[in-house]
Amino acid sequence: MSNDYLLSSSLAKSFYQEIKSLPIVDYHNHLSIEDIKNNKRYLDIYDLWIRPDPYKHRAMRMMGIKEELITGNASSKDKFIAWCSIYPNLVNNPLYIWSQVELETVFNIKLAINRKNATKIYTLANAYLKKHVVTPKYLLKLFKVEKACPCMSLTDDITYFKRNDVITPSLRGDNILLPTKAFINSLTKLTKVKINNLDTYLKALKVRIKAFRDVGCVFSDHALDNNFLYLSDDKKNNNRFLSLIKDKPLSNLDKTYLSSYILFSLMGIYKDNDMVVQLHIGAERFTSSRLRELAGAAGGFATIGNSVNVKSLTTFFDEVEKHFKRLPKIVLFTLNPSDNELLATLSGSYACDNVNGLITLGPAWWWCDHKYQIEKVLDAISNFSLLVNFIGMTTDSRSFLSLVRHDYFRRVLSSYLANKINNKELPYNKEDLSNLIKKVCYLNANKLFKENHHVIKK
């Protein structure tokens, strides 16, 4: 890879020089907690580079590789060779760049990735892993990660975490909205709150969320998947909750009413705990039942859903704002690119005194986190919101090597702004632009971890 990849001009290179060495704040990812806790030493490149990366799995499936060589029982070496064999077919796909950069950054291997070189690359990489102690801590230091926030369920063990550490949990709240009996039993044990109705359930949630906050958790996260619908409280949700915990079946309508109310209530708890709420909108996760059974729910075969139900979203925000006096800080991710502009405008629809960027559009997400859509998101934020409030890139990845995407994003941003200036679309004010790119690439996300900066205290 050229050191100047994605940098389209001397001005782009100049911008990039200002931000390339800034620390990384990766505020949303799915890195392995067990690997982090144990500081696992990686001894096989497949285990580090291929196994945790569903992006690579997806590409292999599209090239017709047998599942046995993707997530099956084939040897690590055979799976690695299978990956290398399809790599030359990925020209102009973001994986084509990411993979080469990953290999060069960690292993300093600059061989072309292909079937011919696969065995040599495998041997060289594993020799490197034998000689060097490559662990999560090593990789976080290599990529200059200041904060990384892997997703955790509310009932997961958080005793490992400490406030102000490099690794802090991000609360994944999807299973809170329609809790199972097992979830409620675990929550009862953790909080010592006897849960026998909806009010006591919400009380237990407050206790446990406070425990997450006490170990440094700043972000929560909810998936508002395809066809998200919000229904206002009809005062029947306690009865629905009682039916749920007694294992009585609920209709889909009743489930929507109950999950809407619990999500609404959570927003008040998040606000009181100074937490930033990430809403991931628009994924259609149910496609191939066959692949879901083979590879699990996160196997890399979800797709883009419909445009968001804007009335549901705005009603939800409006009711939270009216009841709790203000919204918590919110970051909106959309998987459907047609929603970029729609969601970007919401940054000005619920503005609050003394709070900048109360609602912001998040980075290009999942199938969209590549140059083409990153630029589209930058356009949407710039024209319909304020780019200066954007909190920048996060990997949303299960692979430690995906941290190279922060550098990828910084290069795209540098060229994006340089092209605007070179095309006479934007005046060149060095101080303003330097301030902007540093905020977007690091300072804004970093600031979210500085206590009490983004909220109005009671």
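Residues numbered from 1 in each chain as written. Predicted model: local features only at pLDDT ≥ 70, side-chain atom pairs only at ≥ 80, totals over all residues. Heavy atoms only, no water.

(A) The overall build of the protein, seen in detail. Of regular secondary structure, the protein possesses 18 helices and nine strands. The globule rule puts the C-alpha radius of gyration for 458 residues at 23 Å, and the 23 Å found for the protein is close to it. Its C-alpha atoms give the protein principal-axis dimensions of about 65 × 55 × 40 Å. Relative to its full complement of 458 residues, the protein shows a buried share of 57%. Pairs at least 24 apart in sequence give 74% of the contacts found in the protein among residues at least 6 apart. Surface accessibility of the protein: about 20,100 Å² in total, with carbon and sulfur atoms responsible for 50%. Each charge sign in the protein was given a centre, from 64 positive and 45 negative side chains, and these centres are 4 Å apart. (Helix = DSSP H or I, 4+ residues; strand = E, 2+ residues; numbered from the N terminus. Rg over C-alpha atoms; globule rule 2.2 N^0.38 Å. Buried < 20%, exposed > 50% of the residue type's maximum accessible area, 1.4 Å probe, protein only. Contact = heavy atoms within 4.5 Å. Areas by Shrake-Rupley, 256 points an atom, 1.4 Å probe, with all protein chains shown as cover. Lys, Arg positive; Asp, Glu negative; His and termini not counted. Charge placed at Lys NZ, Arg CZ, Asp CG, Glu CD.)

(B) Local environment of the packing of aromatic side chains. Inspection of the entire model under this criterion finds 24 aromatic pairs. Seen from their ring centres, Phe264 and Phe324 are 5.2 Å apart, and the 40 degrees between their planes marks the pair as tilted. Linking Phe264 in helix α12 (residues 252–272) with Phe324 in helix α14 (residues 310–324), this pair joins segments that are 60 residues apart in sequence. Each of the two residues, Phe264 as well as Phe324, counts as buried. Summarising the aromatic geometry, the rings of Phe333 and Trp365 are spaced 6.4 Å apart at their centres and angled 70 degrees between planes, so their arrangement reads as edge-to-face. You can see Phe333 sitting in strand β8 (residues 329–334) and its partner Trp365 sitting in the loop between β9 (359–361) and α16 (371–384), a full 32 residues away along the chain. (Phe/Tyr/Trp six-rings, centres within 6.5 Å; stacked < 30°, edge-to-face > 60°.)

(C) Region of the structure containing the sheet that holds strand β4 (residues 219–224). Strand order in this open sheet of seven strands is β1-β2-β3-β4-β5-β8-β9, and the pairing throughout is parallel. Lying at the two open borders of the sheet, with one neighbouring strand each, are β1 (24–29) and β9. Here the strands of the sheet are splayed against their neighbours by 20 degrees on average, with no regard to which way each runs. Note: strand β3 (residues 170–172) against β4, two bridges, orientation parallel. The partner of Leu171 across the bridge, within β4, is Ser220. (Pairing = 2+ DSSP bridges. Axes fitted to C-alpha atoms, helices over the stretch in contact; angles between N-to-C directions.)

(D) Fine view of unusual backbone geometry. With a phi close to 55 degrees, Asp274 is a non-glycine residue in the positive phi region. Relative to the helices and strands, Asp274 resides in the loop between α12 and β5 (276–281). Overall, the relative accessible area of 7% leaves Asp274 in the buried class. One non-glycine residue with positive phi stands out, namely Trp366, at about 60 degrees. Inspection of the secondary structure puts Trp366 in the loop between β9 and α16. Taking the relative accessible area as the measure of exposure, Trp366 reaches 15% and is therefore buried.

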